[in-house]
Amino acid sequence: MSRTAVLATAFMVLISSTVIVIAQERKDPPRAANSQPSAQDQQVAAAADTATSTSAPSTDSATRRDVRTAVLSERAMRVEGEKRFQTNCGRCHLAPQKFPPRAMATIVRHMRVRAMLTDEDMRLILRYMTE
Amino acid sequence: MALPPLLTKDDVGYFRAILLALSARKSRVTRTLYAAALLALLVLPTLLFAQCPDSQASSAPPPESQTPDSQDIKPIPVLQTSAGFISTFDGGEPHLGPILTPVLLVPIGQRWLFETRATFESDLTQEPGLSGFHGTLQKEVEYAQLDFIANPYMTVTVGRFLTPFGIYNERLYPVWIRNLATDPLTLPIGVGPSNASTGAMVRGGFRANSKFNINYAAYYSVLSTVSPVDSSRFAGGRVGIFVPKARLEIGGSFQHLLQDDHSNLFGFHLIWQPRALPLDIRAETARSSTGSGYWVESAYRLSRLPFARNEFRRTQLVARMQQFYTGTVPSDSVLPVNTNMFEFGVNYYFRDDFRALTSYGRQFSPEGNANVWTVGITYRLVVPLGNGEVQ
């Protein structure tokens, strides 16, 4: 088989694969990531509700609001950390399993230098990976 | 009465030689100054840009105020090892390639990190008249560097480090990361002997505004002929712009050789991960006096197929096309003839750190076309050297 024929075949395979993949994705659009609270989030929120409801009767709505705000902030941080992790780390390799926190701190510092992560990305990723 | 000439022919020749030597010296000094000015130009704007308070504007929650605990985690030394066994059939000739790459990370305080990576590998082939496969063990210190995190925008590195020219050498080279077992044809361009530099480097990344980040590296390497830590004398830099929302990074590399032909090298790179698809697209181009070329690689994870999801989500299809053109200056580190190559591969991830990979490639060159088959496994292991839990 000539070189031109091989290259033409390879080109056709690439084009047809791309078309098939795009058609497949249009039929099955990806779910919006993090659009719904996860089961863990719901558990955390429920725990917050329980904590405030079982505390002293004098607990007012402000305290309840503070706890809920803290829970939501915690969730926002986790979602943001996961997003930063997938955006930055996923550029080169798969998501690794989580390691012990102090080992993770070393690895994230290493990747900060290697992958030139921003300071903010590093902190959010470290938080996400050590939760 | 005729006066004797002030300068004889010999005197003129002597002074001409001195002038030539001076001009050559001046040229060398000028080039060094140009290189220093280029480094300053690369680094200063990024630092100034980073110092601007508006550049840190972000829609994300302010992490420093909300994540005090991440600062309290005291890091411990970590040993990471990646291992692989790659069998290659290049033009019908079998090669067995065991490789072991330990990486040692030693954090010192809150701002320092010592990191080193060594590689032990072999290329075992069949030799006429002998049974089995034979080869020698190659040992190499790929990097041994001390990093000082000076501020959120800049890290200073000294020692032996991977040359940041393009993206493959620094980010995609480890055997457990690369999608195809074979190196790109343009890999030797711009990275120096043994893919590393010996000298100093400043680098960093920062959020330029809410839409994109900037990362940069500027380095200077000295000449070293001591094997296996040899390096060339050059200076260069790399700048990249990363758009998190689009998951797109584009960037360029520049290098000026301060030895041999004192030539300039250029490179450009691209990484794109479309949000709608589990697809990675990477591309790199390099141009130098010893050769030029490019490679384009795409990798698609079959995680969206409606059947056999558990098996297909672990499967990745890879394709890479590359072309290499010889340059005006011959070099042993690059191919001697123009070469085209395309490869297709299938990877299967048993876990995130353990996978099997296989590929087929066809290489076209005036020296003869050849099929290149590879099959292998890669594994990565992380060992914390101490108590990993927070006290």
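Higher on the page you've got the structure.
As the structure is a prediction and not an experimental result, all values here were calculated from the model.

Novice: Looking at this model, I keep getting lost on the overall build of chain A. Mind explaining?
Specialist: Along its length, chain A carries five helices and zero strands. Listed N to C, the secondary structure of chain A is α-α-α-α-α in terms of helices and strands. Buried residues in chain A amount to 40% of all 131 residues. Considering only residue pairs separated by 6 or more positions, chain A has 67% of its internal contacts joining residues 24 or more positions apart. Accessible area of chain A: about 7300 Å², with a carbon and sulfur share of 60%.

Novice: Sorry, what's going on with helix H5 (residues 119–129) of chain A here?
Specialist: H5 of chain A sits mainly inside the fold: 11 of its 11 residues count as buried. What H5 of chain A keeps buried is the set Asp 119, Glu 120, Asp 121, Met 122, Arg 123, Leu 124, Ile 125, Leu 126, Arg 127, Tyr 128 and Met 129 of chain A.

Novice: I'm lost on the packing of aromatic side chains in this one. Help?
Specialist: By convention here, two paired aromatic rings are described through the distance between centres and the angle between planes. Per the counting criterion, the structure on display carries 15 aromatic pairs over all chains. A centroid spacing of 5.4 Å and a plane angle of 50° characterise the contact between Phe 254 of chain B and Phe 266 of chain B, whose relative ring orientation is tilted. Here Phe 266 of chain B lies in strand E12 (residues 264–272) and Phe 254 of chain B lies in strand E11 (residues 248–257), a separation of 12 residues in the sequence. Taking relative accessible area as the criterion, Phe 254 of chain B reaches 21% and is therefore assigned partly exposed. Relative accessible area serves as the criterion here: at 39%, Phe 266 of chain B is assigned to the partly exposed category. Centroid distance Tyr 360 of chain B to Trp 373 of chain B: 4.6 Å. Interplanar angle 50°. Geometry classified as tilted. Here Tyr 360 of chain B, found in strand E17 (residues 354–364), pairs with Trp 373 of chain B, found in strand E18 (residues 370–384); they are 13 residues apart in sequence, far enough to count as distant. With a relative accessible area of 24%, Tyr 360 of chain B lands in the partly exposed category. Taken together, the aromatic side chains of Tyr 348, Phe 350, Phe 354 and Tyr 379 of chain B make up a single cluster linked through ring pairs. Lys 98 of chain A extends its terminal NZ or CZ atom over the ring of Tyr 128 of chain A, reaching a point 4.6 Å from the ring centre.

Novice: Looking at this model, I keep getting lost on unusual backbone geometry. Mind explaining?
Specialist: Phi is mostly negative for residues that are not glycine, and the peptide bonds are mostly trans. Residue and element names in this part refer to chain B. If you check the backbone angles, Asn 195 has positive phi at about 65° while not being a glycine. Among the secondary structure elements, Asn 195 is positioned in the loop between helix H4 (168–172) and strand E8 (196–207). If you check the backbone angles, Ala 308 has positive phi at about 45° while not being a glycine. Position of Ala 308 relative to the elements: it lies in the loop between strand E14 (291–301) and helix H5 (309–312).

Rules behind the numbers
- All residue numbers refer to positions counted from 1 along the written sequence of the respective chain.
- Following the order in which they are written, the chains are lettered starting with A and the ligands numbered starting with 1.
- Given that this is a predicted model, residues contribute local features only at a pLDDT of at least 70 and side-chain atom pairs are listed and counted only at 80 or more, while totals for whole chains, interfaces and linings are drawn from all residues.
- Side-chain numbers here rest on the full set of heavy atoms in the structure, without hydrogens or water.
- Here a helix means four or more residues in a row that DSSP labels H or I, a strand means two or more in a row labelled E, and each is numbered from the N terminus.
- Each residue's exposure class comes from its accessible area (1.4 Å probe, protein chains only) as a fraction of the maximum for that residue type: buried when under 20%, exposed when over 50%, partly exposed otherwise.
- Throughout, a residue-residue contact means that at least one pair of heavy atoms, one from each residue, lies within 4.5 Å.
- Only the protein chains shown count as cover for residues, with accessible areas throughout obtained via the Shrake-Rupley method and a probe of 1.4 Å.
- Pairing of aromatic rings covers Phe, Tyr and Trp, the last through its six-membered ring, and needs centres within 6.5 Å; plane angles under 30 degrees mean stacked, over 60 mean edge-to-face, and all others mean tilted.
- We call a charge positioned above a ring when the Lys NZ or Arg CZ atom is no farther than 6 Å from the ring centre and deviates by at most 35 degrees from the ring normal.

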